[in-house]
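Structure assessment
Read off the chains here:
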Amino acid sequence: MAGVADLETCFVESFALEPGTDPRSLRFQSILEWDSVGHMQLIAAIETAFDVMLETQEVLDMSSFDKAIEILRRHGADL
Amino acid sequence: MAPTSEPDDRPVVLVTGASRGIGRACAEAFAASGWAVAINSTTEAGAAQAAAEIADKHGVPTLAVAGDAGDDKAVDGCYRAIFQRFKRLDALVNNAGILCDGPLGMIAPDKARRAFSVNALGTLFHIQAASRLMRRRGAGAIVNLSSIMGTRGAAGASAYAATKAAIASLTRSAALELGPHGIRVNAVAPGLIETDMLAGLKPEQLAERVATIPLARVGTAAEVADLVLFLASDRARYINGQVIGVDGGMP
């Protein structure tokens with residue numbers, strides 16, 4: 001299964017982050033790109049990268065990088 | 001969640017409320033066209049039996065996924081099972097629904113809430129989960145079951161008609177939102193169709209209604225399934241956000 005670097009890639013590519021931006025510093029709606037549309041883009045990227053199917057409540061709860069790690073661990077990710 | 005035979009590269013459809021009626025006809029139509037079919041019903045036994053019968057009859061992979069459409073956790077469970085088994089979903093037929101009839105003054109609040117929960121919210125929950133799975137491939141088709149009652153109204157079935165109108169509205173909004181991701185969303189609006197739902201009509205009531213249909217007969221579940229299968233197929237690749245009647249021209 002994918003790792004932390006892959007999760008960082010999901011954030012960077014979903015939100016087209018500038019080099020040097022730390023995904024861990026982001027929160028849902030803390031940047032323009034992480035709106036509800038961007039969120040679904042991120043979810044699609046994470047589900048694909050980690051080969052998981054999240055629950056709808058987990059989609060709603062995934063409001064930060066750390067929260068993403070917490071949720072992915074529930075699905076067996078070694079993060 | 002009982003699997004039958006092995007998955008392969010064929011397209012995968014989930015049909016909700018597929019143990020009987022229009023849902024069963026849809027599942028049969030997809031299977032006859034070579035699709036792998038995930039069969040949803042509220043009960044494990046109903047889903048398993050339909051899945052086994054369809055696999056046996058058509059020789060396609062099937063998967064029984066039981067769960068109430070109005071229960072969002074149960075809906076999530078259906079998609080986890082589909083993901084584990086097939087890793088993909090190409091089409092969703094949002095058919096699960098319950099009837100709630102009676103004149104306005106006689107509609108019990110609990111029955112009305114239940115009808116909205118299963119018919120309208122259930123359709124929403126399935127679209128939410130299905131579209132996430134479809135987005136991975138950048139393609140998919142969702143067909144929702146509305147009703148002529150939802151588009152024209154129905155005296156004596158206001159609550160049911162309102163749930164079906166909600167499905168038509170949901171179809172148009174979801175089509176706008178999911179179209180950019182390659183996912184088409186359409187609805188069919190059946191008229192008078194020969195299913196269990198007609199059983200409550202007295203013969204004279206049925207005759208009276210049939211008399212209003214230009215084609216002078218009730219439709220069959222298979223005739224609805226033909227349109228559903230077409231809308232899910234690539235032949236309907238430029239049709240999106242539509243609510244299409246299957247009603248014999250019923251006014």
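Residues numbered from 1 in each chain as written. Chains lettered and ligands numbered in written order. Predicted model: local features only at pLDDT ≥ 70, side-chain atom pairs only at ≥ 80, totals over all residues. Heavy atoms only, no water.

Re the overall build of chain B
- In terms of helices and strands, chain B carries eight helices and eight strands.
- Against the 2.2 N^0.38 benchmark of 18 Å for 251 residues, chain B shows a C-alpha radius of gyration of 17 Å, consistent with a compact globule.
- Structurally, chain B occupies a C-alpha span of about 50 × 35 × 35 Å along its principal axes.
- Taking the contacts inside chain B whose residues are at least 6 apart along the sequence as the reference set, 74% of them involve residues at least 24 apart.
- Between the mean site of the 25 positive side-chain charges and the mean site of the 23 negative ones, chain B shows a separation of 5 Å. (Helix = DSSP H or I, 4+ residues; strand = E, 2+ residues; numbered from the N terminus. Rg over C-alpha atoms; globule rule 2.2 N^0.38 Å. Contact = heavy atoms within 4.5 Å. Lys, Arg positive; Asp, Glu negative; His and termini not counted. Charge placed at Lys NZ, Arg CZ, Asp CG, Glu CD.)

Quick look at the environment of Ala 48 of chain B
Residues and elements named next belong to chain B.
- Tracing the chain through its elements places Ala 48 in helix α2 (residues 44–58).
- For Ala 48, a relative accessible area of 31% corresponds to the partly exposed category.
- In sequence terms Ala 48 and Pro 190 are 142 residues apart; their C-alpha atoms lie 27 Å from each other. (Buried < 20%, exposed > 50% of the residue type's maximum accessible area, 1.4 Å probe, protein only.)

A short note on the environment of Trp 35 of chain B
Residue and element names in this part refer to chain B.
- Topologically, Trp 35 is positioned in the loop between α1 (21–32) and β3 (36–41).
- On the basis of relative accessibility, which here comes to 11%, the residue Trp 35 falls in the buried class.
- Placed 26 residues apart in sequence, Trp 35 and Asp 9 show a C-alpha to C-alpha distance of 9.5 Å.
- If near-sequence neighbours (up to four positions away) are discounted, Trp 35 is found in contact with Arg 10, Pro 11, Val 12, Val 13, Phe 30, Val 60, Asp 90, Ala 91, Leu 229 and Ala 232.

Quick notes on the nonpolar core
Residues and elements named next belong to chain B.
- In terms of nonpolar packing, the biggest core is built from 36 residues, with Phe 30, Val 188 and Val 228 touching the most fellow members.
- Secondary structure elements with two or more residues in this core: β2 (12–15), α1, β3, α2, β5 (91–94), β6 (140–145) and α8 (221–232).
- No other element matches the eight residues that α8 contributes to this core.
- Core analysis: the second largest hydrophobic core is formed by 28 residues, Val 65, Cys 78, Phe 125 and Leu 178 among them. (Core = buried A, V, L, I, M, F, W, Y, C linked by side-chain atoms within 4.5 Å.)

Description of the confidence of the model for chain B
- Confidence along chain B averages 94 in pLDDT terms, with 97% of residues attaining 70 or more.
- Among the prediction metrics, the complex's ipTM stands at 0.85, with pTM recorded as 0.93. (pLDDT = per-residue confidence, 0-100.)

Here's the deal with the side chain of Thr 62 of chain B
- Among the structural elements, Thr 62 of chain B can be located in strand β4 (residues 62–66).
- Reaching out from Thr 62 of chain B, the side chain makes a polar contact with the backbone oxygen of Ala 51 of chain B at a distance of 2.9 Å. (Polar contact = N/O pair within 3.5 Å; in protein donor to acceptor, adjacent residues only side chain to side chain.)

Considerations on the interface of chain B and chain A
- Opposite the 12 residues of chain B that make contact, chain A presents 13 residues.
- Between chain B and chain A, roughly 1,300 Å² of surface is buried when both sides are summed, and carbon and sulfur atoms account for 49% of that area.
- Our enumeration of links across chain B and chain A arrives at four salt bridges.
- Asp 51 of chain A is the salt-bridge partner of Lys 87 of chain B, the closest N and O atoms lying 2.8 Å from each other.
- On the surface where chain B and chain A come into contact, there are eight residue pairs in polar contact (both at pLDDT 80 or more).
- Listed by contribution, the elements that provide at least two residues to the side of chain B that touches chain A are α3 (72–86) and α4 (109–135) of chain B. (Buried area = accessible area lost by both parts, 1.4 Å probe. Salt bridge = Lys/Arg side-chain N within 4 Å of Asp/Glu carboxyl O.)

What about the pattern of salt bridges?
- As enumerated under the stated definition, the model contains 18 salt bridges over all chains in all.
- A salt bridge links Glu 223 of chain B to Arg 217 of chain B, with the shortest nitrogen-to-oxygen separation between them at 2.7 Å.
- According to the relative accessible area criterion, Glu 223 of chain B is partly exposed, its value standing at 30%.
- A relative accessible area of 40% places Arg 217 of chain B in the partly exposed class.
- Among the charged side chains, a salt-bridge network with shared partners connects Glu 58, Lys 67, Glu 70 and Arg 74 of chain A.

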